[in-house]
Amino acid sequence: MNIAQIEANLQKIINPLSKESFIYDLMSSYNLPKASITRLQKGNLNLSKVKGEIDWKKKLFFKEVSSEEVYEIFAAAISNGSTTKHDPRFVIITDYQVLLAYDTKTKDTLNIPIENTAKHFDFFLPWAGMEKTQHQNENPADVKAAERMAKLYDEIEKDNPTNTTEEIHNLNVFLSRLLFCFFAEDTGIFLPKGLFTNAIASHTQEDGSHLNTYLDKLFKVLNTEIRQKDLPVHYNIFPYVNGGLFANSINIPSFTRKSRQAIIDSGKEDWSAINPDIFGSMIQAVISPEHRGSWGMHYTSVPNIMKVIRPLFLDELYEEFEKAKQDPQKLKKLLGRIAKIKIFDPACGSGNFLIIAYKELRLLELKILTELKGSFSGTTGFEEKQTALFSKTQLSLATTTASFQIPLFSCIELQNFYGIELDDFAHEIAILSLWLAQHQMNIKFKEIVGHLIPSLPLKAGGNIIQGNSTRINWEDVFFLLPSDELYILGNPPYLGYSMQSAAQKKDLAFVFKGVKGYKNLDYIACWFLKAAKFIKNKNSKFAFVSTNSICQGEQIAILWPHIFKNYLEIGFAHTSFKWDNNAKSKAAVICIIVGVRNSNNSEKYLFSEKYTHQVSNINPYLVKGKTNFIERRNRPLSNVQPIIRGTGFSDNGNLNLTSLERNDILSKYSGASSLIKKVVGSYELINKQERWCYWITVDNYEQALNIPEIERRIRLVKEFRLKSEKKTTKQSAQIPFKPSEDRFNPQNSIVIPRVSSERRKYIPIDFVSGNTVIIDSAQAIYNPETWVFAVVTSYMHMVWVKAVAGRLKSDYRYSSALCYNNFPFPFITDKQKQQLDSHVMEIMQEREHYPEKTLSQLYDPIKIPAGLKEAHYRLDLEIEYCYRSKPFETDEERLEYLFKLYEEMIAAEKAKGTLFTTEVKSQKKKK
């Protein structure tokens, strides 16, 4: 359901208004399920038994009241927890004269005459799955403008369906031109104010039939510098725009009375307050209705962009600015430095990073000019100096004398902002948005200088090119002088290998040619490696927003050695944080930000949600400490028992049995029990599911063949394995009654799932009795000492797993070679082992209080029983006392300690190996 439909629905329920059905009609207007609304009307879903009151869990608290008490009851309803204890999204109180509403998520309130409900349709948009993205620095006008453009797009598309790529592109370009005209008439580019909207209202037919012809002519006029003498005044009043925005002819859509009016209504908004950095995101959301509830997926919020640009270059510039205050020469030198800064986003999308970087540099420039203006405002002849303003070509701040003259033009050129974007329309929007940002900043410049930099004709909005960033030679994009500073930044596409298209896999192969294991890398690794090679020995740095997977698991040892070999280092990093926006469908990723630079002695910073740490070194796991690559090893580093991957069947399910199938076979062949064993893997362990397998040996093979169903399954296994392209699987077709990878051990074991949800604080681990086949979706520690269970189930171990494990989507991928065998655990005494044993028993006893619950239910992060949670807490403390006498306060502190211990243990292991080798050689010499 689109916005135009919602508004039309609301108009219908107000005129006329039915008190009996109003609230149900209101919800229906947003396309809430009819069956649910019917159940609500009948009382099945209504948790309130009070007449005139509705309490629908998670959705709505509604109450109809008298006019005398409407405001009092509303105030009580939104402040009284017992009234809204079922967590409704909206609280609505009405006397059918006024409508009072409260959004419990955004804390927004609504107080309107009930007949104006349609005008405020946006308040209840979450019912339609359309959350309004809210950012820390979000401008309310941006959201309003986006909603208006979405409504306009819906109206135009009704009569201009877009079925081909060309038609979609055509309508997108038309929309971007409208956006420019709305902006231009509200910001002094078109004069008088409202010129474009008033021209449409005055010079086109009300039924919309003439509007496409008028706009086609107007767009041609905006692209014409030398006008025809007989051009009508209502066209000629528009200035020459150029800049490529109106250069190409497009098919102007046809209009109706309603869509024409929608354009006029849109033009009545105040577009001067709109931030250009949302234009691209807004248009992407508008043209993709299925994405309108998740604008944040298209839009990198200003706070997140600032997390990149501040430590990359902006903080340093502001530090220099603070030191230069009261010293005009230093301030002029800083202006000269800023003039030579170049910004490059190699996957720029619609230009958000470039726009914010541009605006922040312009704001700093204005602060510098304000300081300089203040420095000279008391000197003789200042007014005369101000009239002798610099021309753009004369500006040479580095050599300016003490008699400073406020420059006429900004020293920050759009030509210093570079981008590459694969999508042609997004690249066009980036150019337009950069230009609009420049105009906005020029208006601010006028407040300081007293002169508005000419806006028209348009100049190119930065060096934005369309193409595949992984294939383009970045050296061809720039013209860099030795004195230039280049900062590469952005939010390139992530995409794990399984999510990559065939073309993207080829891009990865192209960038990582000759690199072993590159197929396991995320797509974003292309940009990290290209940037690393590019900045080597240049006055340059880069920082990207990324999924945290490139700093976890096996990707680290594949990617980061190739970055560091270019004599680079991590200068700053933001450790894992949730992608922060309030869109309904938040990007389902955990993000990091990594800033890389040429190695030097300046400060390095690690940012977490609560703290900023200055550190001596940041390793690729984004932890303070020496740079180490946790590589796969086949035996434990610590004094714990070996771990073994479970048995692999490669049988296409033919040797596996459900409980029902097992019972059926046993009812027919009582002797078949010796051919069947219980099976446990990750799913079975976590969800308490019974599963079985045929376990056939050479000794009972003939017995198995005498049972037709088993004989049939063995035959199917053989056929399946013979079709495999894997050599070892084909070879195992010769023994189709056995698992292809037999690692069965009849002893008791600790079983650890290989994949587990990242939502859980602890991986669900359990003891499993002997004679059970552990399959390869899990790993087992056979004949374990009890205290080992304490180690692997501890939070200390989980912190290590989070850092070094790979991911399957966002879930933990527990690897024996990376997680278990590399885990640094100190040598402990027998007394400490006994204490750990007692804590393990306590955990098992707490689990036994809930025999009906699965491990999945017991370790749900929200529903974990209090006793079990407390038992784990006590075990975690005991584990931490094994490391040191004082418990750790943060995960960063835990991880830092673990890496340091890891380094020490590796060094000790190597020293021991060296000593042993030396002794052997010495003995040989003696012989």
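Residues numbered from 1 in each chain as written. Predicted model: local features only at pLDDT ≥ 70, side-chain atom pairs only at ≥ 80, totals over all residues. Heavy atoms only, no water.

### Details of unusual backbone geometry
Consideration 1: Cis peptide bonds are those with omega within 30 degrees of zero, and the linkage from Asn 15 to Pro 16 qualifies with 0°.
Consideration 2: Mapped onto the elements of the fold, Pro 16 is located in the loop between helix 1 (3-14) and helix 2 (22-29).
Consideration 3: A cis geometry characterises the amide bond from Leu 191 onward to Pro 192, with omega recorded as 0°.
Consideration 4: As for its placement among the helices and strands, Pro 192 is situated in the loop between helix 6 (165-186) and helix 7 (195-203).
Consideration 5: Although it is not a glycine, Gln 326 sits at a positive phi angle of roughly 75°. (Helix = DSSP H or I, 4+ residues; strand = E, 2+ residues; numbered from the N terminus.)

### Some details on helix 3 (residues 34-42)
Each full turn of the α-helix corresponds to 3.6 residues, which orients residues three or four apart in the same direction.
Consideration 1: All buried positions along helix 3 are accounted for by Ser 36, Ile 37 and Leu 40. The arc that holds the buried residues of helix 3, viewed along the axis, is 100°, so those residues lie on one side. Residues of helix 3 that are exposed and angled more than 90 degrees away from the buried face: Lys 34, Ala 35 and Lys 42.
Consideration 2: The secondary structure elements touched by the buried residues of helix 3 are helix 2 and strand 1 (53-56).
Consideration 3: Positive phi appears at Gly 43, one or two residues downstream of helix 3, with a value of about 100°. (Buried < 20%, exposed > 50% of the residue type's maximum accessible area, 1.4 Å probe, protein only. Arc of directions from axis to C-beta. Contact = heavy atoms within 4.5 Å.)

### A few points about the side chain of Ser 815
Consideration 1: When you line up the elements, Ser 815 lands in the loop between strand 25 (811-813) and helix 27 (816-820).
Consideration 2: On the basis of relative accessible area, Ser 815 is assigned to the buried category, the value being 15%.
Consideration 3: Of note is the side chain of Ser 815, whose polar atom sits 3.1 Å from the backbone nitrogen of Leu 818.
Consideration 4: Ser 815 has contacts with Arg 632, Gln 779 and Tyr 820, leaving out every residue within four places of it along the chain. (Polar contact = N/O pair within 3.5 Å; in protein donor to acceptor, adjacent residues only side chain to side chain.)

### Comments concerning the pairing of strand 11 (residues 568-578)
Consideration 1: Within strand 11, nine of the 11 residues are buried, which leaves it mostly tucked inside the rest of the structure.
Consideration 2: In this structure, strand 11 lies alongside strand 13 (residues 604-607), joined through three bridges in parallel fashion. Each residue of the ladder has a partner; that of Ala 573, found in strand 13, is Leu 606. (Pairing = 2+ DSSP bridges.)

### Quick notes on the pattern of salt bridges
Consideration 1: Per the counting criterion, the structure on display carries 36 salt bridges.
Consideration 2: A salt bridge links Lys 220 to Asp 216; its shortest N-O distance comes to 2.9 Å. With Lys 220 and Asp 216 both in helix 8 (residues 211-222) and four residues apart, this pair spans about one turn of that helix.
Consideration 3: Note that Glu 741 is salt-bridged to Arg 743, the shortest N-O span being 2.9 Å.
Consideration 4: Accessibility expressed as a relative area gives 29% for Glu 741, which makes it partly exposed.
Consideration 5: By relative accessible area, Arg 743 is classed as partly exposed at 27%.
Consideration 6: Beyond isolated ion pairs, a larger network of salt bridges with shared partners links Glu 316, Glu 320, Arg 337, Glu 485 and Lys 541. (Salt bridge = Lys/Arg side-chain N within 4 Å of Asp/Glu carboxyl O.)

### What to know about the sheet that holds strand 3 (residues 90-94)
Consideration 1: Pairing in this open sheet of five strands is mixed, and the strands run 1-2-3-4-5 from one edge to the other. Edge positions in the sheet fall to strand 1 and strand 5 (109-113), since each has one partner strand and no second. Each neighbouring strand pair of the sheet contributes to a mean axis angle of 10°, computed without reference to strand direction.
Consideration 2: Here strand 2 (residues 60-64) runs beside strand 3; their pairing, made up of five bridges, is parallel. Residue pairing in the sheet places Leu 60 in a bridge with Phe 90 of strand 3. (Axes fitted to C-alpha atoms, helices over the stretch in contact; angles between N-to-C directions.)

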